[in-house]
Amino acid sequence: AFDKLDGSNIRAEWTKKKGWHKFGTRHRLVDSTDPIFGQAPDLVRDKYGDDLGRVLHDAGYERAMCFFELWGPSSFAGMHDLSEKLTVTLFDIAPINQGILMPDKFMKLCGKLDHAAMLYAGACDEWFIEQVRAGTLKGMTFEGVVCKSINDKKTKMPIMFKQKSRAWLDKLHAYCGDNKDLLNALI
């Protein structure tokens with residue numbers, strides 16, 4: 001289980017030939033002119049550029065999609081206070097045509113880089129789920145965790161799911177009120 005930082009998903013494509021050259025959210029490409037996500041490309045390049053590029057190169061990858069959380073002190077459910085300093089934190093890597101790396105390989109490659117903290121390894125049992133829901137899992141920030149398990153052989157991807165804290169869900173429900181469409185979009 002990795003800490004789930006509360007922010008927005010940013011993807012960045014790296015190639016051996018071009019380096020960091022394509023950036024986006026889950027649904028669209030972004031560049032420096034984007035009013036909300038325009039700072040993300042420079043944040044990725046400044047914080048990870050050469051070091052993560054070298055890790056990918058040394059691992060023998062030609063191309064990889066890397067996933068970061070864009071977040072700041074007041075970020076919540078994908079909304080940001082743009083007057084605050086935002087940062088990015090690496091949480092996944094998907095070498096092209098290989099799927100997202102399993103947690104052990106991700107940690108081996110990126111252990112020396114800033115990345116979402118691995119907080120737990122073990123069974124996803126009632127004790128673990130209650131620790132996350134109560135917000136008492138050691139090292140967990142406000143939102144919760146992302147759990148990753150063995151590969152799904154069909155998709156070559158780890159089986160992944162999120163577990164949220166009660167406090168985060170309560171704050172989200174208060175924010176959304178009766179708007180179920182907004183609530184479902186933000187979860």
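Refer to the structure presented above.
What you are looking at is a predicted structure, and each value in this text was computed from that prediction instead of being measured. (Residues numbered from 1 in each chain as written. Predicted model: local features only at pLDDT ≥ 70, side-chain atom pairs only at ≥ 80, totals over all residues. Heavy atoms only, no water.)

**Some details on the environment of L86**
To keep things clear, this is the line we draw: Secondary structure follows DSSP: runs of H or I at least 4 residues long count as helices, runs of E at least 2 residues long count as strands, and numbering of each begins at the N terminus. We call two residues contacting when some pair of their heavy atoms lies within 4.5 Å.
Residue placement: L86 occurs in the loop between strand 4 (63–71) and strand 5 (87–95). As for L86 and Q39, which are separated by 47 residues in sequence, their C-alpha atoms are 8.6 Å apart. When near neighbours in sequence (up to four residues on either side) are disregarded, L86 contacts Q39, L43, L70, W71, G72, S75, H80 and D81.

**A short note on the sheet that holds strand 2 (residues 8–15)**
How we decide: Following DSSP output, two strands are said to pair if at least two bridges run between them. Between the N-to-C directions of two axes lies an angle of 0 to 180 degrees, each axis being a line fitted to C-alpha atoms and, for a helix, fitted only over the stretch in contact.
Judged by pairing direction, the sheet is antiparallel, and its 4 strands sit side by side in the order 3-2-4-5 without closing on themselves. Unpaired on one side and paired on the other, strand 3 (19–24) and strand 5 mark the two borders of the sheet. Across the sheet, the mean angle from the axis of one strand to that of its neighbour is 30 degrees, orientation sign disregarded. Sheet topology places strand 4 next to strand 5; 8 bridges connect them, and they run antiparallel. Within strand 5, the position partnered with L70 by the bridge is V88. Helix 1 (residues 40–58) rests against strand 2, strand 3, strand 4 and strand 5 of the sheet, and its axis sits at about 40 degrees to strand 5.

**Some remarks on the nonpolar core**
Note the following rule: Among buried residues, the Ala, Val, Leu, Ile, Met, Phe, Trp, Tyr and Cys ones that are joined through side-chain atoms within 4.5 Å form a nonpolar core. Exposed residues in this analysis have more than 50% of their type's maximum accessible area, buried residues have under 20%, and partly exposed residues fall in between, with area computed by a 1.4 Å probe over protein chains only.
If you look at the biggest cluster of nonpolar residues, it comprises 28 residues, and the most contacted ones within it are W20, L52, L56, C66, F68, L90 and I93. At the level of elements, strand 2, strand 3, helix 1, strand 4, strand 5 and helix 2 (103–110) are the ones that each hand at least two residues to this core. If sequence neighbours within four positions are ignored, L90 has contacts with Y48, L52, C66, F67, F68, F106, C110, D114, H115 and A116. Counting 9 residues, the second-largest nonpolar core is a separate cluster that includes F128, M140, V145 and C147.

**Digging into the pattern of salt bridges**
As a reminder, the rule being used: Salt bridges are defined as contacts in which a side-chain nitrogen from Lys or Arg sits within 4 Å of a carboxyl oxygen from Asp or Glu.
In this structure the tally under the stated criterion is 12 salt bridges. E13 is the salt-bridge partner of K22, the closest N and O atoms lying 3.7 Å from each other. Look at K22 and you get partly exposed, because its relative accessible area is 35%. For E13, a relative accessible area of 6% gives the class buried. The partner of D114 in a salt bridge is K47, and the shortest N-O contact between them spans 2.6 Å. Here the residue D114 occupies a position in the loop between helix 2 and helix 3 (126–134), and K47 occupies one in helix 1, the gap between them amounting to 67 residues. The exposure class of K47 is partly exposed, given its relative accessible area of 33%. Because the salt bridges share partners, they merge into one network encompassing K4, E69, E143 and K164.

**Quick look at unusual backbone geometry**
At A77, a position not held by glycine, the phi torsion is positive, near 50 degrees. Mapped onto the elements, A77 comes out in the loop between strand 4 and strand 5. Positive phi, normally seen in glycine, also occurs at N97, with a value near 70 degrees. Within the fold, N97 resides in the loop between strand 5 and helix 2.

**Examining the side chain of D34**
This is how it is decided: Side-chain atoms alone can form a polar contact between residues adjacent in sequence; in general such a contact is a pair of N or O atoms within 3.5 Å, and within protein one must be able to donate a hydrogen while the other accepts it.
Along the chain, D34 turns up in the loop between strand 3 and helix 1. A distance of 2.5 Å separates polar atoms of two side chains, one belonging to D34 and the other to R28. Reaching out from D34, the side chain makes a polar contact with the backbone nitrogen of I36 at a distance of 2.9 Å.

**Here's the deal with helix 2**
This is how it is decided: Working note: the arc is built from the helix axis to C-beta atom directions.
Of the positions making up helix 2, those classed as buried are P103, F106 and C110. Each buried residue of helix 2 lies within a common arc of 60 degrees when the element is viewed along its axis, so the set occupies one face. Away from its buried face by more than 90 degrees, helix 2 exposes D104 and K108.

**Brief notes about the side chain of S75**
Inspection of the secondary structure assignment puts S75 in the loop between strand 4 and strand 5. What makes S75 buried here is its relative accessible area of 10%. Side-chain polar atoms of S75 contact the side chain of H80, separated by 2.7 Å.

The quantities given are spatial measurements derived from coordinates; they are silent on function.
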